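# Coordinate inspection notes
Residue strings, one per chain:
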Amino acid sequence: MSVHPDPPSWVKTAIWWSVYPLGACGAPIREPDVTGVHHRLRRLEAWLDHLVSLGCNGLALGPIWASSTHGYDVIDHLGVDPRLGDDEDVNHLLAACHDRGVRVLLDGVFNHVSVEHQAVREVLAHGWDHPSAALLRADPRRTDNLSRFEGHDGLVELDHSHAAVADYVVQVMTHWLDSGADGWRLDAAYRVPTAFWAAVLPRVRAKHPDALIVAEILHGDYGAIADKASFDSVTQYELWKAIWSGLKDRNPHELSWALQRHEHTRGHEIPWTFVGNHDVTRIATQVGPAAARVATAIMMTLSGTPAVYYGDELGWTGLKEDRVGGDDQIRPVLPDEPSQWSGEQADTVRQTQLAIRMRRTHPWVADSSTEVVACTQHTLVWRSVNGPDWIEATLDLNGEPCLTVRDQAGEVLPTR
């Protein structure tokens, strides 16, 4: 049994459009224009009707805080990145979303900060006797005695064993929820002790009980981690991997196993499901455009809160590379506004809409159980069941991947 309160009820009908703002809004990444405020964030408002037309009702934003380069090297958690705008731009976007019935999830980078963060500068200038040292994790192996996040010289880790860090994170999370945000994605939550989150999140929920808390977790027992930390939702990387590799290799067995694991975690948290995000190679690059549309449809048949990464509904491609600038292809700029799609883009948008419509007309799928019915060399059949209701999905990998979804009356639900 989960040790934390039930997730907010609205989450069961949430379908997200996930955006990396610095890239989508065309901000410079490695050579920031730090002079003046540039109101690029308003570019996203032109895309909100597109979000709604897909059938989504949530906007999941990547980091929008003042940062050194890519947004995850935060300088000021309470200040908007001047490359994107200011507080007024954020408030305007929140209002525009809420006017359309769209919830907004913010990206909380609370494991590490930029080397340009004020606390880091103060410690480097005045030593570890400075009060700001309470925020930072020490690493005696380094000449500056500052611990780094996964070897990145520009990212200094916070010391989550210190009460000052807990107070700081509560302050930041509460500030932006007070401003109108609907929840948080906790970046690199896997690097932070679960005891820290278990202490922090009840303080945040005391003022905002309806806020959604999503944790970025890569590996491990998702359900047990969610219980210990009191997360509402955890990123379902196991399912993501099984979907794209199963489609790519024409092998259903990994997905069959992942669906059973997915069912194991469902009773502990609402999985955050996805087939693309700002950290991974685009699904259309992994499996091809036709199979990418199947991947989105698979996600919509399963429990959880699904997220469509911006541009995947258009069939965009992009390769993630391990080098400086290796994220650029998967984090491109959006056009000024949506256009009249044609050709394969129009077909991909239409099939995304159909898959989401199928989910919208069966909202109980969000907290359904998953039953693997059959798994052969090239075919996988599963059911999503919630009380008397169920849908059955058949994935045929003999040739070009194809997904057929039927309801309990035997009617085929259009997804393509």
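Residues numbered from 1 in each chain as written. Predicted model: local features only at pLDDT ≥ 70, side-chain atom pairs only at ≥ 80, totals over all residues. Heavy atoms only, no water.

## A closer look at the packing of helix H5 (residues 163-178) against helix H6 (residues 194-207)
Relative orientation of the contacting elements H5 and H6 amounts to 35°, with a least axis distance of 10 Å. Handedness of the H5/H6 crossing: right-handed. In contact with Val 165, Ala 166, Asp 167, Val 169, Val 170, Met 173, Thr 174, Leu 177 and Asp 178 of H5, H6 contributes Phe 196, Trp 197, Val 200, Leu 201, Arg 203, Val 204 and Lys 207. Grouping the constituent residues of the contact of H5 with H6 by class yields 11 nonpolar, 1 polar and 4 charged. (Axes fitted to C-alpha atoms, helices over the stretch in contact; angles between N-to-C directions. Helix = DSSP H or I, 4+ residues; strand = E, 2+ residues; numbered from the N terminus. Left-handed = near helix turned anticlockwise from the far one by under 90°. Contact = heavy atoms within 4.5 Å. Nonpolar A, V, L, I, M, F, W, Y, C, P; charged D, E, K, R; others polar.)

## A look at the pattern of salt bridges
Using the criterion set out here, one finds 31 salt bridges in the structure. Of the charged contacts in the structure, one is a salt bridge between Arg 142 and Asp 153, with a shortest N-O distance of 3.4 Å. Note that Arg 142 is positioned in the loop between helix H4 (118-126) and strand S7 (148-149) and Asp 153 in strand S8 (residues 152-157), a separation of 11 residues in sequence. Taking the shortest distance from any N to any O, the salt bridge between Lys 207 and Asp 178 comes out at 3.1 Å. Linking Lys 207 in helix H6 with Asp 178 in helix H5, this pair joins segments that are 29 residues apart in sequence. A single salt-bridge network, built from bridges that share partners, covers Asp 107, Arg 185, Asp 187 and Glu 216. (Salt bridge = Lys/Arg side-chain N within 4 Å of Asp/Glu carboxyl O.)

## Considerations on the state of the cysteines
The full count for this structure, using the stated rule, is 0 disulfides. As a non-bridged cysteine, Cys 97 has Cys 25 as the owner of its nearest cysteine sulfur, 12 Å distant. On the basis of relative accessible area, Cys 97 is assigned to the buried category, the value being 0%. A disulfide-free cysteine, Cys 375 has its sulfur positioned 17 Å from the sulfur of Cys 402, the nearest such atom. Owing to a relative accessible area of 29%, Cys 375 belongs among the partly exposed residues under this scheme. (Disulfide = S-S within 2.5 Å. Buried < 20%, exposed > 50% of the residue type's maximum accessible area, 1.4 Å probe, protein only.)

## Some points on the packing of aromatic side chains
Across all of its chains, the model carries 15 aromatic pairs by this definition. Between the aromatic rings of Trp 240 and Phe 274, the centroid separation amounts to 6.2 Å while the plane-to-plane angle is 20°, which identifies the pairing as stacked. One end of the pair, Trp 240, is in helix H8 (residues 237-249); the other, Phe 274, is in strand S12 (residues 272-274), and 34 residues separate them in sequence. Comparing Trp 240 with Phe 274, the two get one shared label, buried. Clustering of aromatic rings is evident, with ring pairs tying together Trp 65, Phe 110, Trp 176 and Trp 184. Lys 241 extends its terminal NZ or CZ atom over the ring of Trp 244, reaching a point 5.4 Å from the ring centre. (Phe/Tyr/Trp six-rings, centres within 6.5 Å; stacked < 30°, edge-to-face > 60°. Lys NZ or Arg CZ within 6 Å of the ring centre and 35° of its normal.)

## Here we look at the sheet that holds strand S15 (residues 379-386)
Strand order across the open sheet formed by 5 strands is S14-S15-S16-S17-S18, with antiparallel pairing between neighbours. Where the open sheet ends on each side, the last strands, each with one partner, are strand S14 (369-375) and strand S18 (412-413). Here 8 bridges tie S15 to strand S16 (residues 389-396), and the two strands are oriented antiparallel to one another. Paired with Leu 380 across the two strands is Leu 395, which belongs to S16. Against the sheet, helix H11 (residues 289-300) touches S15, S16 and strand S17 (402-407), its axis set at about 30° to S17. (Pairing = 2+ DSSP bridges.)

## Brief notes about the nonpolar core
By size, the foremost hydrophobic cluster in this structure holds 129 residues, and its most contacted members are Trp 17, Trp 184, Trp 197 and Phe 231. Here this core takes 9 residues from H5, the largest share from any one element. (Core = buried A, V, L, I, M, F, W, Y, C linked by side-chain atoms within 4.5 Å.)

## Topic: helix H12 (residues 343-360)
Taking 1.5 Å per residue, 18 residues should reach 26 Å; H12 reaches 26 Å between its end C-alpha atoms and fits that length. Among all positions in H12, only Thr 348, Val 349, Gln 351, Thr 352, Leu 354, Ala 355, Ile 356, Met 358 and Arg 359 are buried. Packing partners of the buried residues in H12 comprise helix H2 (48-54), H11, strand S13 (305-309), S16 and S18. (Expected span 1.5 Å × (residues − 1).)

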